[in-house]
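Listed below, chain by chain, are the residues.
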Amino acid sequence: MTTNGKPKVAFYWCASCGGCEEAVVDLAESILDVVAAVDIIFWPVALDFKTKDVEAMADGSILVSFINGAVRNSEQEEMVHMLRRKSQLVIAYGACSHLGGIPGLANLWDKKTIFQEVYHEGVSTVNPDGTEPQPELDDQGRRVTLPRFFDTVRALDQVIDVDYYMPGCAPTPKLTMQAIQTLLSGNLPPKGAVLSPDTALCKECPRIDTKPEDLAITEFKRPHEILIDEEKCLLAQGIPCMGPATRGGCEALCIKGNMPCSGCFGPPGRVRDYGGKILSALASIVGSRDDAEIIKILDSIPDPIGTFYRYSLPVSMLRRKKMEAVASEKK
Amino acid sequence: MSDNKNRAVQETLAKGAAKADASYMSRRITIDPITRLEGHGKIDIFLNDQGDVDRAYFQVPELRGFEKFAVGRLAEDMPQITSRICGVCPTAHHMAGTKTLDDLYKVEPTETAKKIREMIYNIFMVEDHAIHFYFLGGPDFVVGPTAPAAERNVLGVIGKVGVDTGKQVIAMRRRLREIISTLGGKVVHPVFGLPGGVARRVKPEEQKHFQEVAKEAVEFGKFTMKILEDIVLKNKDYVDLILSDAFTHKTYYMGLMDKNNHPNFYDGDVRVVTPEGKEYARFPIQKYLEHIGEHVEPWSYVKFCFLKKVGWHGFKEGADSGVFCVAPLARLNAADGMATPLANELYQKYVATLGKPVHHTLANHWARVIELVFAAERFQQLANDPELTSDNIRRLPTETPKEGVGVVEAPRGTLIHHYKTDDRGVITMANLIVATQNNSARTAMSVEKAAKGLISKGVVSDGILNEVEMAFRAYDPCHGCATHSLPGSMPLIVRVRDLEGNTTATLRRDSDGRIHKE
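Residue positions are counted from 1 within each chain, in the order its sequence is given. As a convention, the first chain written is A and the first ligand written is 1, with the rest following in written order. Given that this is a predicted model, residues contribute local features only at a pLDDT of at least 70 and side-chain atom pairs are listed and counted only at 80 or more, while totals for whole chains, interfaces and linings are drawn from all residues.

## What to know about the overall build of chain A
Phase 1 of the analysis: Within chain A one finds 12 helices and 10 strands.
Phase 2 of the analysis: In terms of overall dimensions, chain A is globule-like: its C-alpha atoms have a radius of gyration of 22 Å, near the 20 Å expected for 331 residues.
Phase 3 of the analysis: Principal axes of the C-alpha set define a box for chain A whose edges measure 65 × 55 × 30 Å.
Phase 4 of the analysis: Distance between backbone-placed C-beta atoms decides contact: two residues are in contact if it is within 7 Å. Contacts in chain A between residues far apart in sequence, at least 24 positions, make up 76% of those at least 6 positions apart. Helix and strand labels come from DSSP, where a helix needs a run of H or I of at least four residues and a strand needs a run of E of at least two; each type is numbered from the N terminus. Radius of gyration: over C-alpha atoms. The globule rule applied is 2.2 Å multiplied by the number of residues raised to the 0.38 power.

## A word on the overall build of chain B
Phase 1 of the analysis: Tallying secondary structure elements over chain B gives 16 helices and 17 strands in all.
Phase 2 of the analysis: Exposure classification rests on a simple neighbour count of other C-beta atoms within 10 Å of a residue's own: a residue reaching 20 or more is buried, one at 12 or fewer is exposed, and one in between is partly exposed. C-beta atoms are placed from the backbone. Within chain B, the fraction of its 518 residues that count as buried is 61%.

## Structural notes on helix α5 (residues 111-136) of chain B
Phase 1 of the analysis: With 26 residues, α5(B) ought to run about 38 Å at 1.5 Å a step, and its terminal C-alpha atoms sit 36 Å apart, in line with that.
Phase 2 of the analysis: The element α5(B) is largely enclosed, with a buried count of 24 among its 26 residues. Multiply 1.5 Å by the residue count of a helix minus one, and that product is the helix's expected span.

## As for the packing of α5(B) against helix α8 (residues 163-184) of chain B
Residues and elements named next belong to chain B.
Phase 1 of the analysis: Whenever a helix is involved, its axis is fitted only over the stretch in contact; in every case the axis is a line through C-alpha atoms, and angles between N-to-C directions fall within 0 to 180 degrees. Taken N-terminus to C-terminus, the directions of α5 and α8 make an angle of 155 degrees; their axes are 10 Å apart at the nearest point. By the angle between their axes, α5 is roughly antiparallel relative to α8. The two elements α5 and α8 cross, and the hand of that crossing is left-handed. In contact with Ile116, Ile120, Ile123, Phe124, Val126, Glu127, Ala130, Ile131 and Tyr134 of α5, α8 contributes Val169, Met172, Arg173, Leu176, Arg177, Ile179, Ile180, Leu183 and Gly184. Angles are sorted into four bins: roughly parallel if under 35 degrees, roughly antiparallel if over 145, roughly perpendicular if 65 to 115, and oblique for all others. Each helix crossing is assigned a hand: it is left-handed if the near helix lies turned anticlockwise from the far helix by less than a right angle, otherwise right-handed if that turn is clockwise.

## Some details on the domain arrangement of chain A
All names here are of chain A.
Phase 1 of the analysis: Domain delimitation follows an automatic or database domain assignment. Annotation of chain A at the domain level lists domain 1 (8-102 + 152-185), domain 2 (110-150) and domain 3 (201-300).
Phase 2 of the analysis: Averaged C-alpha coordinates put domain 1 and domain 3 at centres separated by 31 Å.
Phase 3 of the analysis: Between domain 1 and domain 3, the contact holds 8 residues from the first and 6 residues from the second.
Phase 4 of the analysis: Element by element, the count of residues in the side of domain 1 that touches domain 3 is highest for helix α5 (residues 95-99), at 3 residues.
Phase 5 of the analysis: Each residue is assigned to one of three groups, with Ala, Val, Leu, Ile, Met, Phe, Trp, Tyr, Cys and Pro labelled nonpolar, Asp, Glu, Lys and Arg labelled charged, and all others, Gly among them, labelled polar. Within the side of domain 1 that touches domain 3, the residues separate by chemical class into 5 nonpolar, 3 polar and no charged.

## Here we look at the sheet that holds strand β14 (residues 427-433) of chain B
Residue and element names in this part refer to chain B.
Phase 1 of the analysis: Taken in spatial order, the 3 strands make up an open sheet running β12-β13-β14, and their pairing is antiparallel. Only two strands of the sheet have a single neighbouring strand rather than two, namely β12 (403-410) and β14. Pairwise comparison of adjacent strand axes, ignoring direction, gives a mean angle of 15 degrees for this sheet.
Phase 2 of the analysis: Packed on one face of the sheet, helix α15 (residues 435-454) meets β12, β13 (413-421) and β14 and runs near 130 degrees to β13. When DSSP finds two or more bridges between a pair of strands, those strands are recorded as paired.

## Digging into the interface of chain B and chain A
Phase 1 of the analysis: Taken together, the 81 residues of chain B in the interface contact 73 residues of chain A.
Phase 2 of the analysis: Sorting the residues of the side of chain B that touches chain A by element identifies α1 (2-24), β2 (41-47), β3 (53-59), α2 (66-69), α3 (78-82), α8, β9 (292-295) and β14 of chain B as the ones contributing at least two each.
Phase 3 of the analysis: When the residues that make up the side of chain B that touches chain A are grouped by side-chain class, the tally is 39 nonpolar, 19 polar and 23 charged.
Phase 4 of the analysis: The pairing of strand β6 (residues 125-126) of chain A with β9(B) spans 2 bridges and is classified as parallel. By the bridge assignment for β9(B), A:Thr125 is matched with B:Glu294.

## As for the sheet that holds strand β8 (residues 279-283) of chain B
Phase 1 of the analysis: With respect to topology, 4 strands assemble into an open sheet ordered β8-β7-β6-β11 (chain B), the strand pairing being mixed. What marks the edges here is a single partner per strand, and that holds for β8 and β11 (324-325) of chain B.

## Some remarks on the nonpolar core
Phase 1 of the analysis: A:Ile67, B:Val126, B:Val272, B:Ile370, B:Phe379, B:Val408 and B:Val447 are the most contacted members of the largest nonpolar core, which has 245 residues in total.
Phase 2 of the analysis: Considering each element in turn, this core owes the most residues, 15 residues, to α5(B).
Phase 3 of the analysis: Setting aside residues up to four positions removed in sequence, B:Val408 forms contacts with B:Ala92, B:Met95, B:Ala96, B:Lys99, B:Tyr121, B:Phe265, B:Tyr266 and B:Leu415. Working definition: the nonpolar core is a set of buried Ala, Val, Leu, Ile, Met, Phe, Trp, Tyr and Cys residues, joined through C-beta atoms within 7 Å.

## Quick word on the pairing of strand β7 (residues 269-273) of chain B
Two faces belong to every sheet, and in a regular strand the side chains alternate between them.
Residue and element names in this part refer to chain B.
Phase 1 of the analysis: For β7, a buried count of 4 out of 5 residues is recorded, marking the element as mostly surrounded by other parts of the structure.
Phase 2 of the analysis: Here strand β6 (residues 252-257) runs beside β7; their pairing, made up of 5 bridges, is antiparallel. Each residue of the ladder has a partner; that of glycine 255, found in β7, is arginine 271.
Phase 3 of the analysis: Pairing of β7 with β8, which is carried by 4 bridges, proceeds in the antiparallel orientation.

Given below as structure tokens:
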């Protein structure tokens, strides 16, 4: 382990896609400044992967660990506990670590139903012997192991104590660079802070001027059903856009691509249940007072969970589908 | 009495078996984790009594279960949901999902939409292949497979090709990715795909910029090929290594081809050739279930694809085994030529040198650069297309959705999405066959063959570290994540354990690239 006096920084990934790693790589030339300022002592995807070396370090000797991905299996759980011990600060980096993320939608199922689909029922799966991956396997005297797959996906702060959160799927290079600079400055924000502006996305949306004062929606449109105007507020076009209930900081990237915000930055401060917040924001612009009509309008959002809780199911008040309910759905 | 006697016999037998097991288990080598993969990976190597490799397991210790939690989602959200399978190649999943929506709604995208999609896709292929050449697989050749480990990385590459070139690569990557951001909203998880088209048109002033970047990309492709030729192909040792048996497997090959049997990353029919190079199958992706099956092993979370009509007969090569190969080497084997002039010229030279089909896994690196040139040329053709800036970017779906299948060639090979929905377009079934799975059997075989070729009489040499890695790295195991391995190092720990699982020897390579015995 190097002892050059530079602050030590670690990057680790759990159940994730590698997009958060790309987000760091997308610092492009700036990554050279980062490398000059800190000593990256752990980054399995790019540098020396030595769990053992981190284990050998004194507790608290890493200034900050950036951990992305949700916690889906036993190996990830063990790794984040170890990194917590070794780190002064832990940042939940990206939507999966912050809120559970898209892999968190697996909380609508459990291990058994997921294995059933992937290893038995998948239409191209050919598995006459009913084989499943085993945590411990004795293959003719050879002991081969795999991490244990959990029933429930968890966000990072449901497993370990987290100091700060970097939102986004993926976080932007700009916010990442700002966060690194803030942490190195020693002028730390209050614990628990989300390192992105605490305002709704609409505030930084280039279409804000086309958002009517009082929206009255009589039917929600799905993006493939209409030709989307490239200048006009998406909500004004009837498309569910999570902007009003979502934290800003991304500079409205998806909207610049002429598609609605899907909510990857999560809520602004003090919102307990982000999906509930979006639901209430959208419900408030439904332009009807007639119960039957309201139900019809809400029916034009056929997947409320995937629409409102796409990135945040594990940290929501719903958290997961009840295990008994999943079990009763099994064939 | 006879019970006691039986018990004694049983005990004796059990002891004998345990003894045999013990000697069998006397050596186990674990490489955990391997890196420069998108995701986690691990290799367990078991030695026999003589200390030679009995079996090596190339394991994927991870699963997220997208097929299951896709159920209940809206079909139009699938291109964005499935892109989260891989943040390194999100564009591949986004595009496969979008094309599946075309098929689901039976809506043909407008000509302009197809051109925008194909242009974005080829931009993505250029940056992705470049990353592999300069940062991941390339160092093994550009710097050298037996070069000191400390130099066998991107800094070593820069040392060979010059700092200016290094900066050029970073800048090229950024400029290409900026175009994807412009058209797709984000580059990590773009949002442009809709059934029948794309969400956003190309503005005339943007087209001019795209043309400039395309011109640079073609020059960049030529330049990359020159580096490959000068440093790799003119070096007899490297050519010998590429041709060596330890890195050779004769399998079936698969790729997406246009009507002239030229590879097309965005669209076409799937073509499969035999280990002898003869056409075995050619089919539209809607028929994939007739041809591709997924086999399950208890020691990995990944499934292993095979040709259904040949059947799964284990991790074996040859025409009697259903194991097949995808990605650059396989695509060029399944092709009769390339669709753009410069790439075709390079392809002819490649075939003239190596013959056809090419069974040498490490030739993937060469094939990849030819594909990079093709993608750059195709990008340029599309960037120059006058129709690119038309407003006609969407055809609205009118059919009731039911079932759709879509395909693209991801950098790492053929990628298939298959959805079924109810009348409202809510997913009732999703099946995803990703490139890594298509290559997973052959990759596992390559790792095992390299291990067998390198480990003898229980001697674990330092050299094993890089060469075992080279066996899987040639397949481009999801790449970009590892691109910024700045101060080098392929982090590896090799532990030799006794039968109780105690470590008897550990070799490790540090971040400075040096190898230590502990």
